[in-house]
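Listed below are the residues making up each chain.
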Amino acid sequence: MAGKRRKFDAEFREGAVRIVAETGKPIAQVAQDLGINETTLASWVSRARRAGGPASASESEELARLRRENAQLKKDNKDLAMERDVLKRCMVLWVK
């Protein structure tokens, strides 16, 4: 005979789905960590993905934009570090 059915509030469900989405951990592992049934969490994740269809597209566009921006900033930082090193060497030669 099945045990008493547990009820989870919306905040707990959203948090569990967010853990799966943000950490990339398998649903089975997250479910075990939280002490809930794997199929329950899988249905929450599936429902959230279906509900977040249009938002997911805009999020993926923003993620791509942020990745491009991050790559550009890393390149700029590398260039500035190289220029700084050149200026340091010039100062050493100029002081002598």
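Computed from a predicted model, the values in this text were never measured in an experiment.

Asker: Even after reading the chapter, I still don't get the packing of helix H1 (residues 10–23) against helix H2 (residues 27–34), so can you show me in this structure?
Answerer: Each packed pair of helices is defined by two parameters, the angle between the axes and the distance between the axes. Between H1 and H2, the shortest axis-to-axis distance is 10 Å and the interhelical angle comes to 140 degrees. Regarding the angle of H1 to H2, the classification is oblique. As H1 runs across H2, the sense of the crossing is right-handed. Touching Phe 12, Ala 16, Ile 19 and Val 20 of H1 are Ile 27, Val 30 and Leu 34, all from H2.

Asker: What exactly am I supposed to notice about the pattern of salt bridges here?
Answerer: A pair can form between side chains of opposite charge whenever their charged atoms are brought close. Considering all chains together, one arrives at four salt bridges under this definition. A salt bridge links Arg 65 to Glu 62; the shortest N-O distance between them is 3.9 Å. Residue Arg 65 and its partner Glu 62 are both found in helix H4 (residues 53–95); the two are separated by three residues, about one turn of the helix. As a salt-bridge pair, Lys 75 and Asp 79 come within 3.4 Å of each other at their nearest N and O atoms. You can see Lys 75 and its partner Asp 79 sitting in helix H4, four residues apart, about one turn around the helix. Connected through salt bridges with shared partners, the residues Glu 62, Arg 65 and Glu 69 form a single ionic network.

Asker: How should the nonpolar core be read in this particular structure?
Answerer: Within soluble globular proteins, side chains that are nonpolar tend to cluster in buried spots. By size, the foremost hydrophobic cluster in this structure holds nine residues: Ala 16, Val 17, Val 20, Val 30, Ala 31, Ile 36, Leu 41, Trp 44 and Val 45. For this core, the secondary-structure elements that each account for two or more residues are H1, H2 and helix H3 (38–51). Sequence-distant contacts of Ile 36, that is, excluding residues within four places in its chain, are made with Arg 6, Phe 8, Phe 12, Ala 31, Leu 41 and Trp 44.

Asker: Quick question: what am I supposed to make of the packing of aromatic side chains here?
Answerer: Working definition: an aromatic ring pair is given by the centre-to-centre distance plus the angle between the planes. The tally for this structure, following the rule as stated, stands at three aromatic pairs. On the numbers, 5.1 Å between centres and 15 degrees between planes, the contact of Phe 8 with Phe 12 is stacked. Overall, the relative accessible area of 29% leaves Phe 12 in the partly exposed class. Pairing Phe 8 with Trp 44 gives two aromatic rings, centres 5.4 Å apart and planes at 80 degrees, and the pair type is edge-to-face. Taken as a pair, Phe 8 in the segment before H1 and Trp 44 in helix H3 lie far apart in primary sequence, 36 residues in all. Members of the aromatic cluster, each reached through a chain of ring pairs, are Phe 8, Phe 12 and Trp 44.

Rules and cut-offs
- The residue numbering used here restarts from 1 in each chain and proceeds along that chain's sequence as written.
- At least 70 in pLDDT is required for a residue's local features to be given in this predicted model, at least 80 for side-chain atom pairs to be given and counted, and no such filter applies to totals for whole chains, interfaces and linings, which use all residues.
- As a rule here, side-chain values cover all heavy atoms of the structure and leave hydrogens and water aside.
- Axes, fitted as lines to C-alpha atoms, cover a helix only where it is in contact. Angles between the N-to-C directions of the axes lie from 0 to 180 degrees.
- The helix and strand labels rest on DSSP assignments: H or I over at least four residues marks a helix, E over at least two residues marks a strand, and numbering proceeds from the N terminus.
- Put simply, angles under 35 degrees are roughly parallel, angles over 145 are roughly antiparallel, angles from 65 to 115 are roughly perpendicular, and the rest are oblique.
- Each crossing gets its handedness from the near helix: less than a right angle anticlockwise from the far helix is left-handed, clockwise is right-handed.
- Working rule for contacts: check all heavy atoms of both residues, and any pair within 4.5 Å makes them a contact.
- Within this document, salt bridges are pairs made up of a side-chain nitrogen of Lys or Arg and a carboxyl oxygen of Asp or Glu, the two lying within 4 Å of each other.
- Within this scheme, the nonpolar core is defined by two criteria: the residues are buried Ala, Val, Leu, Ile, Met, Phe, Trp, Tyr or Cys, and they are joined through side-chain atoms within 4.5 Å.
- Buried means the residue's accessible area, taken with a 1.4 Å probe over protein chains only, is under 20% of the maximum for its type, while exposed means over 50%, and partly exposed covers the values in between.
- Pairing of aromatic side chains requires ring centres within 6.5 Å, counting the rings of Phe and Tyr and the six-membered ring of Trp. Pairs whose planes differ by under 30 degrees are stacked, by over 60 edge-to-face, and all others tilted.

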